[in-house]
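# Coordinate inspection notes
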Amino acid sequence: MLGYGSLWLVQKHPQCLQNLTSPPPPPLNHDWAMNPPFHFPVPQPLQNPDQQQQQVQDNKPTADDHHLHKSRFEWDFTLSTVVSSPTATGSVSNTLGVIEFDPSETVLATGGIARKIRIYSVKSLLPSHEQPKDDVVSLDHAAACDYYICTPAKLSSLRWRPGSSGRVLGSGDYDGVVTEYDLESHLPIFERDEHGGRRVWSLDYSDSDPVLGASGSDDGTLQMWDPRCEGGDCVATVVPSESGNPVCCVEFNPFGGPLLAVGCADRKAYVYDVRRMAGPVLSFDGHDKTVTYVRFLNGRSMVSAGTDGCLKMWSVDDAREIRTYSGHTNNRSFVGLSVWRNGGLLGCGSENNQVFVYDVRWGEPVWVHGFGPMGSEGCDDRGFVSSVCWRQMGGEEQCTLLAGGSDGVLQVFLGRRKSLASD
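Predicted model only: the values in this text are computed from it and were never measured.

### With respect to the overall build of the protein chain
Of the regular secondary structure elements, the protein chain holds 5 helices and 29 strands. Taking all contacts inside the protein chain whose residues are at least 6 apart in sequence as the whole, residues at least 24 apart take part in 54%. In the form shown here, the protein chain has an accessible surface area of approximately 19,700 Å², with 50% of it arising from carbon and sulfur atoms.

### Examining the pairing of strand E8 (residues 168-173)
Of all 6 residues in E8, 6 are buried, a share of seventy percent or more. Along E8, one buried face is formed by Val168, Gly170 and Gly172 and the opposite face, lined by Leu169, Ser171 and Asp173, is buried too. For strand E7 (residues 155-160) and E8, the ladder comprises 5 bridges, and the chain directions are antiparallel. From the neighbouring strand, Ser157 faces E8, where its bridge partner is Gly172. Between E8 and strand E9 (residues 178-182), which pair antiparallel in sequence order, lie 4 residues; one of them, Gly176, sits at a positive phi of approximately 80 degrees.

### Focus on the nonpolar core
Buried together is how nonpolar side chains tend to be arranged in soluble globular proteins. Core analysis: the biggest nonpolar cluster contains 20 residues, and Phe77, Val355, Val357 and Trp390 have the highest contact counts within it. At the level of secondary structure, the elements contributing two or more residues to this core comprise strand E1 (75-84), strand E25 (354-359), strand E26 (365-370), strand E27 (385-391) and strand E28 (398-405). Considering each element in turn, this core owes the most residues, 4 residues, to E1. Beyond its immediate stretch of four places on either side in the chain, Phe77 contacts Leu345, Val357, Trp367, Trp390, Cys399, Leu414 and Gly415. Listed in part, the 18 residues of the second largest apolar core include Ala214, Leu222, Val247 and Val274.

### Quick word on the sheet that holds E9
Strand order in the open sheet made by the 4 strands is E7-E8-E9-E10, with antiparallel pairing throughout. The open sheet has two free edges, formed respectively by E7 and strand E10 (187-192), since each of these has just one partner strand. Here the average twist between neighbouring strands, direction ignored, is 25 degrees. Pairing of E9 with E10 involves 5 bridges; the strand directions are antiparallel. Residue Glu180 lies in a different strand from E10, and its bridge partner there is Phe190.

### Considering the sheet that holds strand E14 (residues 234-238)
Taken together, the 4 strands give an open sheet; going across it, the order is E11-E12-E13-E14, and neighbouring strands pair in antiparallel fashion. With partners counted over all chains shown, the strands left at the sheet margins are strand E11 (200-205) and E14, one partner each. Pairs of neighbouring strands in the sheet enclose a mean axial angle of 15 degrees, with direction left out of account. Of the pairings in the sheet, the one linking strand E13 (residues 222-225) to E14 comprises 4 bridges and is antiparallel in character. Residue Leu222 lies in a different strand from E14, and its bridge partner there is Val238.

### Observations regarding the pairing of strand E16 (residues 259-264)
Where burial is concerned, most of E16 is hidden: 6 out of the 6 residues are buried. Judged by which residues are buried, E16 turns out to be covered on both faces: Leu259, Ala261 and Gly263 on one side and Leu260, Val262 and Cys264 on the other are all buried. Note that strand E15 (residues 247-252) and E16 share 5 bridges and pair antiparallel. Counted as the bridge partner of Val247 is Cys264 from E16. Between E15 and the antiparallel strand that follows it, E16, lie 6 residues; Gly256 among them carries a positive phi value of about 95 degrees.

### What to know about the environment of His369
Considering the arrangement of structural elements, one finds His369 in strand E26. Given a relative accessible area of 5%, His369 falls into the buried group. Taking the C-alpha atoms as reference points, His369 and Phe356, separated by 13 residues in sequence, lie 6.8 Å from one another.

### Things to note about the confidence of the model for the protein chain
Looking at the protein chain, pLDDT values average 82 and 76% of them are 70 or higher. Counted against residues more than four places away or in other chains, residues 1-68, with its pLDDT under 50, gives 75 contacts. Here residues 374-380 is a poorly scored stretch, pLDDT under 50, and it has 19 contacts once near neighbours within four places are set aside; other chains count.

### Some points on the packing of aromatic side chains
Working definition: an aromatic ring pair is given by the centre-to-centre distance plus the angle between the planes. Inspection of the entire model under this criterion finds 14 aromatic pairs. Ring plane angle 75 degrees and centroid distance 5.5 Å describe the contact between Trp75 and Trp340, whose orientation is recorded as edge-to-face. Of this pair, Trp75 sits in strand E1 while Trp340 is found in strand E23 (residues 337-340), placing the two residues 265 residues apart along the sequence. Both residues of the pair, Trp75 and Trp340, belong to the buried class. Here the aromatic residues Trp75, Phe77, Trp340, Trp367, Trp390 and Phe413 are joined through ring pairs into a cluster of three or more. Across the ring face of Tyr174, the terminal group of Arg199 is positioned such that the distance to the ring centre comes to 4.0 Å.

### Considerations on unusual backbone geometry
With a phi angle near 60 degrees, Glu105 is a residue other than glycine that sits in the positive phi range. Counting through the fold element by element, Glu105 comes out in the loop between strand E2 (96-101) and strand E3 (107-112). Using a relative accessible area of 12% as the deciding quantity, one classes Glu105 as buried. Even without being a glycine, Asn353 presents a positive backbone phi close to 65 degrees.

What counts, and where the lines are drawn
Residues numbered from 1 in each chain as written. Predicted model: local features only at pLDDT ≥ 70, side-chain atom pairs only at ≥ 80, totals over all residues. Heavy atoms only, no water. Helix = DSSP H or I, 4+ residues; strand = E, 2+ residues; numbered from the N terminus. Contact = heavy atoms within 4.5 Å. Areas by Shrake-Rupley, 256 points an atom, 1.4 Å probe, with all protein chains shown as cover. Buried < 20%, exposed > 50% of the residue type's maximum accessible area, 1.4 Å probe, protein only. Pairing = 2+ DSSP bridges. Core = buried A, V, L, I, M, F, W, Y, C linked by side-chain atoms within 4.5 Å. Axes fitted to C-alpha atoms, helices over the stretch in contact; angles between N-to-C directions. pLDDT = per-residue confidence, 0-100. Phe/Tyr/Trp six-rings, centres within 6.5 Å; stacked < 30°, edge-to-face > 60°. Lys NZ or Arg CZ within 6 Å of the ring centre and 35° of its normal.

Okay, structure coming up:
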């Protein structure tokens, strides 16, 4: 029986661990604890009316304040493309749970409750040069996607395997199975079901060692695996939560190094060093409910999302809470979280059927869009935005955000940075 933070190593195949080329760290001889959350200084109370008058004068808007206000809203987003199915009923059976770009960011994959992996050419979803700027293109899923692969179960996670030239796509499903598909043959080439039939919420691959993968499940375990091991045995199995709460999200540090972030239903996020996983090296305690997503923003910070209706940015150096982002609605569902690293933007869905964008510098959203039909600004209380994904390529002046809904609709948004000098 596995205990809290325990590690199971494959004694029969120790060579699997030798593939992790970094030397092992020194033994952990103390517990990591989160520093007190960061707060802005609280001003001292005013002592007399003269001081109060002076404070009012000091707080009058200045040119710098005006520039700061405008910088909060320096992005202009427009709806470009809507992809839907004419026969869709809008029921939960059409929910798009995950959207992923391939490493070249020229191919897009979606998955969800409909038990299909749909593969799209990104070029086919973006507007042509001849298309008028304000026109919204309406496409049908069947005509827009290049092809689809039927899966035996509902999908919760998709990840392209690094180093496969965009040919191998991994999936996690509701039956507790991790499957890798060869996109040329459209056939499964690797499968593992060590989660005992319990739903796999998330999987990811290490960029440092591209074959090494990890999955988190309703069974309360994080499993790290390597198909090069004989029989595909686990390299490690970890129970992050003392009570065995579900593991909802996993992500290797995409900037390299040995870190692996985990989010759990025990309201906490953790970071492990994959070279020695006997216990987490960092623990992030600040959410009031389940942590549904974790994403590395850069080499020194990460963002988490929770069903407490907020996002949080953390320091990976010392587990300090840097900032909280709130405005969207999230208290029961997976609504997606994606970070656009070039521009410092966060994207997430909402249970009031809206898409939210946050600038990492501000705690309030800088753009909100209702997921109504054909770009309507209104929102539909019967549905919710269930997945989002930024396209990472491009400079810092323009971006592409995709969002999927519980009705199966996929929407493409184009963003362009405004000139601060403009009105």
